[in-house]
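Coordinates in review
Listed here are the chains, written in short residue letters.
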Amino acid sequence: MSDDKSFEFELPYDSPVMPVRLELDDELKFRCHRGVSCWNECCSHADVTLAPYDIIRLKQHLGMDSTEFLKKHTVPFELDAHGVPGLKLRTNDDGACLFMQEEGCSVYSDRPTACRYYPSGVLSMKALGEASDEMHFLLVREDHCKGHDEDQLQTIAEYRKEQGVEEYDDLNREWYQIILKKKSTGPTVGKPSEMSLQMFFMASYDIDRFRRFVMSDSFIKMYDLTDEEYEQLEKDDIELMKFGFRLMKQVFFGELTIKEREGAWEKRVEERREILEYRRQVEIAEHQKKQEEARKASLEDGSEEGSATH
Ligand code: SF4
Ligand code: SF4
């Protein structure tokens, strides 16, 4: 087990039990199988936070597009005090995961990272004073989970392999880093604009909507990607997800991760100026029309009153 360094420490799910920090070669005495007396107990009060690759795997498993998946299977929460959006798996009114069935998890081959790790978890953390993040692990020993009474002993590294979680961590890691950086630079950078929060949500979670955005004329006019790159983003969810991480860095931290077309920004500002001017003219015309109608109405009222007195 690890020494007592000072770390930012957040659980990927709610638990009243204080977790213990672990490293890759620490041992875990645990086994979950159909014969345990607590079978499905953990999924009966599920609190599962989702990362981008979790959603891609689940929506592909269910044959849904991401927008439909989010609507049916997730609930929002806030990842930090600035309102950076997070998502959790939706449960029924009793707190049970909608994917739980008597025989176990109905999406088992594509279950999310938090489910794969339980009763351990992953933490992307930055030691105070250090520049880069490190991966650490935690163990939560909850009374209802009888898997801890089983005899199987394996290291966290072996457990990660057994649960197929390495691929998830590899693909989600850049996203965890963005959140960590956003949290640590939050007070200096300040609250992100509503538009950048919407961009974060779309690129993190609603990948099919994000695809439509990336393939739109206005995006293509703005960003200088090759035809091959656009083709790949059109057909490959994972490449699109990684591209989304680059765009988030551009939007949140001003890192120039995606080349903009020469003069595109100025052109966009000019187009925007023209649109705003057009809107202003429409508003003025509407205002004048309303005033004219009001003037006519009051003249008509006046002449009716006048004729009534005659
Ligand atoms: S996705 Fe599967 S493993 Fe995860 S909480 Fe739901 S039923 Fe349990
Ligand atoms: S042993 Fe733990 S992880 Fe397995 S079903 Fe029971 S509560 Fe869930």
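A brief structural summary. (Residues numbered from 1 in each chain as written. Chains lettered and ligands numbered in written order. Predicted model: local features only at pLDDT ≥ 70, side-chain atom pairs only at ≥ 80, totals over all residues.)

**Describing the overall build of the protein chain**
Regarding its fold elements, the protein chain presents twelve helices and nine strands. Here the protein chain holds 310 residues, and the buried ones make up 26% of them. Counting contacts in the protein chain only where the partners sit at least 6 residues apart, residues at least 24 apart contribute 71% of the total. (Helix = DSSP H or I, 4+ residues; strand = E, 2+ residues; numbered from the N terminus. Buried ≥ 20, exposed ≤ 12 C-beta atoms within 10 Å, placed from the backbone. Contact = placed C-beta atoms within 7 Å.)

**Thoughts on the nonpolar core**
When a protein is soluble and globular, its nonpolar side chains tend to lie buried together. Formed by 53 residues in total, the largest nonpolar core has its most connected members in Val48, Ala203, Leu240 and Met248. Among the elements that make up this core, the one with the highest residue count is helix α11 (residues 237-253) (seven residues). The residue makeup of this core includes at least three contributed by each of domain 1 (20-182) and domain 2 (192-253). Contacts of Met248, omitting those with residues within four sequence positions, involve Ile178, Phe200 and Ala203. (Core = buried A, V, L, I, M, F, W, Y, C linked by C-beta atoms within 7 Å. Domains from an automatic or database assignment.)

**A word on the packing of helix α8 (residues 207-214) against α11**
Taken N-terminus to C-terminus, the directions of α8 and α11 make an angle of 75°; their axes are 10 Å apart at the nearest point. Comparing the axis directions of α8 and α11 gives the class roughly perpendicular. For the pair formed by α8 and α11, the contact residues are Ile207, Phe210, Arg211 and Val214 on the first element and Asp237, Leu240, Met241 and Gly244 on the second. A per-class count over the contact of α8 with α11 returns five nonpolar, one polar and two charged. (Axes fitted to C-alpha atoms, helices over the stretch in contact; angles between N-to-C directions. Parallel < 35°, antiparallel > 145°, perpendicular 65-115°, else oblique. Nonpolar A, V, L, I, M, F, W, Y, C, P; charged D, E, K, R; others polar.)

**Considering the pairing of strand β3 (residues 74-78)**
Side-chain direction in a regular strand flips from residue to residue, so the side chains alternate between the two faces of the sheet. With respect to burial, β3 is a largely exposed element, only zero of its five residues being buried. Connecting the antiparallel pair β3 and strand β4 (residues 85-89) is a turn made up of six residues, with Gly83 showing a positive phi of about 80°. (Pairing = 2+ DSSP bridges.)

Keep in mind these numbers describe shape, not what the thing actually does.
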